[in-house]
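The primary structure of each chain is shown beneath.
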Amino acid sequence: MNIPVKQHSSQWRYLWLIALISLPALGWYGVLDQYSAERINSSISSAGLIYGTARGINALVSLLQGTELNVLLVTFSIGEVLDPVNDLIERFSDIVLLALGSLALQKILLAVVSATMFNILLSAAAVGTGLTLFYGSPKLLSAMLRTFLAITFFRFSLGLVVLANSWVDATFLDEADQQRHVAMEKFQGELREVDTLTQNSQALTAQIADVQQSIADNEKIYRDRKNAITGIDSQIKTDMEALNGLIREAGGLCRFSDVLGSCPDAVRQAKLKLKNTENKRTALADALDVLDDEMDNQREEIACLKKKQRGESCSFLDRFATIPDASVIRQKLDALNVDISDFSENIIDLLVSLLLKTIAIPLLFITALLKVLRINWARV
């Protein structure tokens, strides 16, 4: 409001009177405050979504950095591909948080200057200045006008800054920023796909290790049972010799068969002992066969899991199952590696835009308003 009062005071008195009436009315009505608050809330929501996407990308990158995969007997680390993204996204997240802090500060200050106290002060200054316009001395009028200008500046400057910033954002920046955010979400989706595939691949690796450990445990049991059968065979041989000796001592019909109890109790007990030992050996042999079949199945399972790691199928029906293909993961990582430069450029552009909207442009407009205030301050 560049209005000289020291010259042509009678000509500009009524213009000042209009300002003294309209500005307090604007403050009490609150339309500028309401619109500014809505715009700040919208900006905070947009910046919050961007921050959430950035933190999601950072979490996925951190998760994938320690992952190693085997593709055709070649081991590669996903972290080697994503190292540039990790450093960039961490710094980006920190600066977005700073931008959110700036918006939150603007929201708090806007709530403060929109309070009833500032409206009362502005109205009181307007009434006092209005009376001074007609009845006060020039020196008192100059002091009252400066007081009114100072209170008006504090009351409306932030709302005007938000209004101007919103116009610049809607005209030049908002559409491009939305496209950049969509590109960030797309990159996050690609990282999530890689993470899903690597988790499947790592699950296969863990499953192979479990089966291999199970085979090792079964092999130990197999050896123990084999040794037990060898010991039982020796026991059977000893029991057989002892039985034959007892039968020779018994003589008579006992040498041919135990008909009508022709053999003494010692022979019958020796035969029972031998039969129990032979039954024990048969049970161990059957268990050994079952264990051998189980280990064969486990070896086939390992061969199948290793095929799946290479992206191959184990059978015709297995082709219809989802098979995590490490070569596909590698292809996706190669595609991500190509997109990293575009992603970095997109992130930097979005970062500059956020800094402009939340810090640079508000400071620029507040500086312009301060310059206008100084000009009018010197003329009243």
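Read on for an overview of the structure.

Rules and cut-offs
- Residues numbered from 1 in each chain as written.
- Predicted model: local features only at pLDDT ≥ 70, side-chain atom pairs only at ≥ 80, totals over all residues.
- Heavy atoms only, no water.
- Helix = DSSP H or I, 4+ residues; strand = E, 2+ residues; numbered from the N terminus.
- Expected span 1.5 Å × (residues − 1).
- Buried < 20%, exposed > 50% of the residue type's maximum accessible area, 1.4 Å probe, protein only.
- Phe/Tyr/Trp six-rings, centres within 6.5 Å; stacked < 30°, edge-to-face > 60°.
- Lys NZ or Arg CZ within 6 Å of the ring centre and 35° of its normal.
- Patch = residues over 30% accessible without salt bridge, like charges linked within 9 Å, V, L, I, M, F, W, Y side chains within 5 Å.
- Areas by Shrake-Rupley, 256 points an atom, 1.4 Å probe, with all protein chains shown as cover.
- Salt bridge = Lys/Arg side-chain N within 4 Å of Asp/Glu carboxyl O.
- Lys, Arg positive; Asp, Glu negative; His and termini not counted.
- Charge placed at Lys NZ, Arg CZ, Asp CG, Glu CD.
- Core = buried A, V, L, I, M, F, W, Y, C linked by side-chain atoms within 4.5 Å.
- Contact = heavy atoms within 4.5 Å.
- Polar contact = N/O pair within 3.5 Å; in protein donor to acceptor, adjacent residues only side chain to side chain.

**Observations concerning helix α4 (residues 116-135)**
Stage number 1. Compared with the 28 Å implied by 1.5 Å per residue over 20 residues, the 28 Å span of α4 between its first and last C-alpha is a close match.
Stage number 2. Burial in α4 covers these residues: Phe118, Asn119, Leu122, Ser123, Ala125, Ala126, Gly128, Thr129, Gly130, Thr132 and Leu133.

**A closer look at the packing of aromatic side chains**
Stage number 1. For the structure on display, the rule yields 4 aromatic pairs.
Stage number 2. When the ring of Trp167 is compared with that of Phe172, the centres are 5.8 Å apart and the planes differ by 85°; the resulting orientation is edge-to-face.
Stage number 3. Since its relative accessible area comes to 53%, Trp167 is described here as exposed.
Stage number 4. Of note, Arg155 hangs over the ring of Phe156, and the distance from its end group to the ring centre comes to 5.1 Å.

**A word on a negative patch on the surface**
Stage number 1. Residues Asp83, Asp87, Glu90 and Asp94 make up a contiguous surface patch of negative charge.
Stage number 2. Positionally, Asp87 belongs in helix α3 (residues 78-113).

**Observations regarding the nonpolar core**
Stage number 1. Formed by 22 residues in total, the largest nonpolar core has its most connected members in Ile57, Phe92, Met184, Leu191 and Phe343.
Stage number 2. Put simply, the parts of the chain that give this core at least two residues each are α2 (31-65), α3, α5 (138-250) and α7 (326-379).
Stage number 3. Residue contributions to this core peak at 7 residues, all from α7.
Stage number 4. In contact with Phe92, not counting residues within four places along its chain, are Ile50, Ala54, Met184, Ile347, Leu350, Leu351 and Leu354.

**Re the pattern of salt bridges**
Stage number 1. Under the counting rule described, the total for this entry stands at 9 salt bridges.
Stage number 2. Between Lys220 and Asp224 there is a salt bridge; the shortest N-O distance is 3.4 Å. Separated by 4 residues within a single helix, Lys220 and Asp224 lie in helix α5, roughly one turn from each other.
Stage number 3. The exposure class assigned to Lys220 is partly exposed, which follows from its relative accessible area of 48%.
Stage number 4. You can call Asp224 partly exposed: its relative accessible area is 41%.
Stage number 5. When salt bridges that share partners are traced, they join Asp169, Asp177, Arg180 and Lys357 into one network.

**Quick look at a nonpolar patch on the surface**
Stage number 1. A cluster of nonpolar side chains, namely Tyr14, Val127, Leu131, Phe134 and Tyr135, defines an oily patch on the protein surface of about 610 Å² accessible area.
Stage number 2. For the nonpolar patch, the element with the highest residue contribution is α4, accounting for 4 residues.
Stage number 3. Looking at the element boundaries, Leu131 is found in helix α4.

**Notes on the environment of Asp177**
Stage number 1. Among the secondary structure elements, Asp177 is positioned in helix α5.
Stage number 2. The spacing of Asp177 and Leu351 is 174 residues in sequence and 9.5 Å in space, taken between C-alpha atoms.
Stage number 3. Excluding residues that lie within four positions of it along the chain, Asp177 makes contacts with Leu350, Ser353 and Lys357.
Stage number 4. In terms of polar contacts, Asp177 uses its side chain to reach the side chain of Lys357, at 2.8 Å.

**Topic: the side chain of His181**
Stage number 1. Here His181 shows up in helix α5.
Stage number 2. Here His181 falls in the buried class, since its relative accessible area comes to 13%.
Stage number 3. Ignoring sequence-local partners within four residues, the contact set of His181 consists of Leu49, Ile50 and Thr53.

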